[in-house]
Amino acid sequence: MEGQRCTMSPRFTFSVACSIALIVLSIRIRRVSVNFPRVLFDGIARGRFTAAPNGGLTLHLSVIPKEISQLQDVPEKFAFPMRQCFSHIMIVIDPPHGGKTYADDRQSEPVYLPSPKKLLSCVESNMYIRDALRNIESTTALLRSRCANDVTTSAVVLNHTDLEKSFLPSVLDLSGPAVHNSTFNYYRSFEDVRTDLPVSQRMWKNSAMYIWSLTHAPSRYLVHFDIDLSALSNGRHLVTPWVPSFQRKYSPPIRFWPLPDPDWLTKGVSQIQEDKSVAFVMPRRCSESAGYVKNKHLSTRIFLADCTHFKDMIPLKAWADHIEELIGENMRSYDVNVVSLAYTTPCTWD
């Protein structure tokens, strides 16, 4: 198990590794009475939501420890405007660890983050998982009030030491080049200069988390939203603070996408089922032309994935590339596509 080892089953069996700690990795949240936040999407929230597709749909939320409190905003950010039922909510808590990250200008050679001097204790992991599950209760209650299906929840703290030992060697092509040599390079294909470091520290800092989640989701389909995305006050755009160097150039914050059509997940699942070459679906950005757009570039900020299709690409090549480049390079190798969906309403920034 690559999550924190102080784990406990839903039957409350104490872990051998840490008997004083109780971590629930997969539990069914009790039905609770929750006062939902007053939001802009009150009209959308009335009535039932769209049913989860056959094969199940997991809502994937990844957070670092200091972002756990933001999970309480999920109803307002995503659940209300999407009107979508999920079969599972999967929270992945990614504590500080080594790996590459952007330079401030996003063009210079990446920065290598140092590994933490000590791993999280069982008590700390317990606290994070407990808080994450508590903060997602309002979302679970909302879905149960609008959906015919039940929804389960899980939370895990990733243990990157364990990932290095067992998980990463099983999913990466470590015998081939660590970075790709394709002419396509959205982020630049930086050289893998620190070959003295362990594999997990030569990867981009979020890569292991995304790969772990896409291979461990309990359903065929997974939808991911970056937790810092949110809807503008007019309810028509998703915004992101993004990186500081970009944020200084744009005020108000960058309007990264118009708010996706509420049924984009239903359309996305249909597109995956109808076209066997499609593994990922994204809502269209305004910079793209109208209609369905097929390409090899995935933004990991918001996407729908066919996890079965993703696992067919394992072992993954170009594992030291940025996660979006990593996925793109493997899609090119297997002739797999990302589809960006058109909007039913005009795509504007107004």
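Here, every reference points to the structure presented above.
Note that the structure is a prediction, hence the values are computed from the model and not measured. (Residues numbered from 1 in each chain as written. Predicted model: local features only at pLDDT ≥ 70, side-chain atom pairs only at ≥ 80, totals over all residues. Heavy atoms only, no water.)

## What about the packing of aromatic side chains?
- The final tally for this structure, using the stated rule, is four aromatic pairs.
- Relative to F303, the ring of F280 has its centre 6.0 Å away and its plane inclined at 75°; by these criteria the two rings are edge-to-face. Within this pair, whereas F280 is found in strand β11 (residues 278–283), its partner F303 is found in strand β13 (residues 302–306), the two being separated by 23 residues in sequence. In this structure, F280 and F303 share a single accessibility class: buried.
- Look at F280 and you get buried, because its relative accessible area is 0%.
- Over the ring of Y112 we find R194, and its NZ or CZ is 5.7 Å from the ring centre. (Phe/Tyr/Trp six-rings, centres within 6.5 Å; stacked < 30°, edge-to-face > 60°. Helix = DSSP H or I, 4+ residues; strand = E, 2+ residues; numbered from the N terminus. Buried < 20%, exposed > 50% of the residue type's maximum accessible area, 1.4 Å probe, protein only. Lys NZ or Arg CZ within 6 Å of the ring centre and 35° of its normal.)

## With respect to helix α4 (residues 137–146)
- With nine of its ten residues buried, α4 lies for the most part within the structure.
- Those residues of α4 that fall on the buried side of the exposure criterion are E137, S138, T139, T140, A141, L142, L143, R144 and R146.

## Notes on the state of the cysteines
- Counted according to the given criterion, the structure contains one disulfide.
- Here C85 pairs with C147 through a disulfide, and the sulfurs are 2.0 Å apart. Every disulfide takes its handedness from the sign of the S-S torsion; for C85 and C147 that torsion is -100°, giving left-handed. In this pair, C85 is assigned in the loop between α2 (74–82) and β3 (88–93) and C147 in the loop between α4 and β6 (152–157), connecting sequence segments 62 residues apart.
- Given the relative accessible area of 1%, C85 is considered buried. (Disulfide = S-S within 2.5 Å.)

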